[in-house]
Amino acid sequence: MILAALDVTALPSDTLLGEGRYRLETEIGRGGYGITYSARRTGSGDLVAIKECVFAGCERDQGKIVCADEDSAKFLEAWGERTLAQAERLRAVSHPHLARVFEAWRENNTVYVAMEWLEGPTLRQHLEEQGPLGMEEALKCAGELAGALAALHEHDLVHLDVKPENAVLTERGAVLLDFDLVQPCGEGDVSTRPLSLAGRIGTPGYAPPESYGERAPQGAASDVYSLGATLYFLLGATTPPSAVDRAAGIELQRLAIAPHLHDALEAALRLPIDARPISMRAFQKMWVPPPPPAVIDDDFAFSAHQANLAQSQLATGVYRVVLTHSEAEFPPRCVCCFEKADRDADILVKSPSGKRYVPGCQLCLRHQSISRASSAGTGWGVGLSVPIVSVGTFLCVTSDSILQLGMGLLLCLLALFVFFASINYGALKSSRAEEMLKSSCCHPLEPVTYSFNGRVYIWRFKNVLYAEEFKRKNAPFVV
Ligand SMILES: [Zn+2]
Ligand SMILES: [Zn+2]
């Protein structure tokens, strides 16, 4: 059955429904599966939403729904039965982030469902006004929807139409609604849709590939796909390409989000249903950022275990963190030893793209400056001894007097002295610097380097603990 535009006239306001329990106010929306009205309970005056099952091909005759042909009549009958049964099951599910279903009944030759009235914009409307959500807000919304979906799954129901239009931002957070496509899922968390529903899909971009088929099994992992697509939208303000396009090779555009979050979305949006996280909980677990390897105590204690970890990992090299943002946020620790940073002990990082300062501690600042002096002293000494020895040798070779020979020899001796003195100076200084190194220090001279390649900002740390903490702090900008 192809969905055509629904042109059935709406019921007039003040129509009484449900044996006088509800008084209709106005039509608030229509989709392929029916018309939604706002209404009030005649007793309390409370607002509710009432959905009337009606399809293209139906007409209204003095309130009643009549079908143009026998096929449509059969379909309306079957759909009505299904809606009654589904409403009965949904009444049993109670979750703060799921719209409440109050009751369903037959009337006017069709079926009506009374549901909770939700005040607020849909997630799509909210984003269209405000732009993409921050990571925390997006995860909060997605977490609320995941809770609602998990509640449905516990009752062996799958929603199959999760998308930004079907969640409303209310005072109590995001609330999932629209249960038109809700299906029972039997054993093994997998359902096959009734034949009459074949071809009814959700929304491209949000519907998993199995929704497009007629017999492909659907299950909790189908909602994982749609929630993944919804979270993708919340973070990037863009709808992912449809499952069909993706199967044809259109790639999912990478969002500028933390790597673990990217991995979670990538897993939820896998095309084969059995490759996705199996449940809402499994999906949600992937959002949690990986724990930093160091325990961030308030007293900045550095346990032996952590020191060993640092030591063993320090040997393995340089930890690169690539950012899309120049203003990095630094953990309040020393970039060399990872102990508490001292005030006024910032470590200078020189790069062709400018000077940067990274927090350090007094001791590390000193071993750095002494190491620098050591290599500079050695360099100067060795550099100086070369011209002296050249002049000395020249004088000796071209000597035509004892005086010139003596001068030449003296210069050679001087060069030798300068050479060994500078080597000695360097060795002394570097042993001084080494004395200052703590077991947790990562490099006597260069614990951190920085560069900018015209596109991204590249930080290289020698201390893995610092690199991990830095990564965590700058998560939204880490590539
Ligand atoms: Zn330090
Ligand atoms: Zn140090």
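Residues numbered from 1 in each chain as written. Chains lettered and ligands numbered in written order. Predicted model: local features only at pLDDT ≥ 70, side-chain atom pairs only at ≥ 80, totals over all residues.

## Looking at the overall build of the protein
- Per the secondary structure count, the protein includes 11 helices and 19 strands.
- Relative to its full complement of 479 residues, the protein shows a buried share of 36%.
- Pairs at least 24 residues apart make up 64% of the contacts formed inside the protein by residues separated by at least 6 positions. (Helix = DSSP H or I, 4+ residues; strand = E, 2+ residues; numbered from the N terminus. Buried ≥ 20, exposed ≤ 12 C-beta atoms within 10 Å, placed from the backbone. Contact = placed C-beta atoms within 7 Å.)

## Description of the pairing of strand β16 (residues 347–351)
- Alignment of β16 against strand β17 (residues 354–358), held across five bridges, turns out to be antiparallel. Paired with leucine 348 across the bridge in β17 is tyrosine 357.
- Hairpin connection between β16 and β17: a loop of two residues separates the two successive antiparallel strands. (Pairing = 2+ DSSP bridges.)

## Section: the pairing of strand β19 (residues 457–461)
- By the alternation rule, side chains of β19 split into Tyr457, Trp459 and Phe461, which are all buried, and Ile458 and Arg460, of which none is buried.
- Pairing geometry for strand β15 (residues 319–323) and β19, over five bridges, is antiparallel. Within the sheet, the bridge partner assigned to tyrosine 319 lies in β19 and is phenylalanine 461.
- Here strand β18 (residues 448–452) runs beside β19; their pairing, made up of five bridges, is antiparallel. Within the sheet, the bridge partner assigned to threonine 449 lies in β19 and is arginine 460.

## Regarding the nonpolar core
- Counting 103 residues, the largest nonpolar core has Ile50, Val113, Ala142, Leu145, Leu176, Leu227 and Leu234 as its most contacted members.
- Sorting elements by how many residues they give to this core places helix α4 (residues 220–236) first, with 11 residues.
- Contacts of valine 113, omitting those with residues within four sequence positions, involve Ile50, Lys51, Thr83, Ala87, Val101 and Ala104. (Core = buried A, V, L, I, M, F, W, Y, C linked by C-beta atoms within 7 Å.)

## Examining helix α11 (residues 464–473)
- Of all 10 residues in α11, eight are buried; the element is thus mostly enclosed.
- Along α11, the residues classified as buried are Val464, Leu465, Tyr466, Ala467, Glu468, Glu469, Phe470 and Lys471.

## Examining the confidence of the model for the protein
- Summarising the model, the protein shows a mean pLDDT of 85, and 90% of its residues fall at 70 or more.
- Counting contacts from residues 295–305, a segment whose pLDDT is below 50, to residues more than four positions away or on other chains yields six contacts.
- Within the model, pLDDT remains below 50 along residues 312–316, and this stretch shows five contacts once partners closer than five positions in the same chain are excluded. (pLDDT = per-residue confidence, 0-100.)

## Here's the deal with the packing of helix α9 (residues 362–397) against helix α10 (residues 402–436)
- Two elements in contact, α9 and α10, have axes separated by 8 Å at closest approach and are oriented at 170°. The orientation of α9 relative to α10 falls into the category roughly antiparallel. The element α9 and its partner α10 pack so that their crossing is left-handed.
- For the contact of α9 with α10, the class distribution of residues is 25 nonpolar, 15 polar and three charged. (Axes fitted to C-alpha atoms, helices over the stretch in contact; angles between N-to-C directions. Parallel < 35°, antiparallel > 145°, perpendicular 65-115°, else oblique. Left-handed = near helix turned anticlockwise from the far one by under 90°. Nonpolar A, V, L, I, M, F, W, Y, C, P; charged D, E, K, R; others polar.)

## Digging into the sheet that holds strand β3 (residues 34–41)
- A sheet is described by the order of its strands in space; here six strands give the open sequence β1-β2-β3-β4-β8-β7, paired in antiparallel fashion. Lying at the two open borders of the sheet, with one neighbouring strand each, are β1 (16–17) and β7 (101–107).
- Pairing of strand β2 (residues 22–31) with β3 involves eight bridges; the strand directions are antiparallel. Bridge pairing in β3 places threonine 26 opposite serine 38.

## With respect to helix α2 (residues 123–130)
- Three or more residues of α2 are buried, namely Leu123, His126 and Leu127. Looking straight down α2, one finds its buried side chains confined to an arc of 95°; they lie on one side. Pointing more than 90 degrees away from the buried face of α2 are the exposed residues Glu128 and Glu129.
- Packing partners of the buried residues in α2 comprise α3 (135–154), β10 (167–170), β11 (173–176) and α4.
- Taken from the residues just after α2, glycine 131 is the one with a positive phi, measuring 80°. (Arc of directions from axis to C-beta.)

## With respect to the sheet that holds β18
- Read from one edge to the other, the open sheet built from three strands follows the order β15-β19-β18, with strand pairing classed as antiparallel. Taken across any chain shown, the strands that pair with only one partner, and hence form the sheet edges, are β15 and β18. Strand-to-strand, the axes of this sheet are offset by a mean angle of 15°, without reference to chain direction.
- Sheet strands in contact with α11 are β15 and β19, and its direction is about 20° off that of β15.

## Points about unusual backbone geometry
- With a phi angle near 50°, glutamate 19 is a residue other than glycine that sits in the positive phi range.
- For aspartate 156, which is not glycine, the phi dihedral falls at a positive 60°.
- For aspartate 156, the location among the structural elements is in the loop between α3 and β9 (157–158).

## Quick word on the environment of glycine 173
- As for its position among the elements, glycine 173 is in strand β11.
- The sequence separation of glycine 173 and glycine 120 amounts to 53 residues, and the corresponding C-alpha distance is 9.8 Å.
- The residues contacting glycine 173, other than those within four sequence positions of it, are His97 and Glu144.

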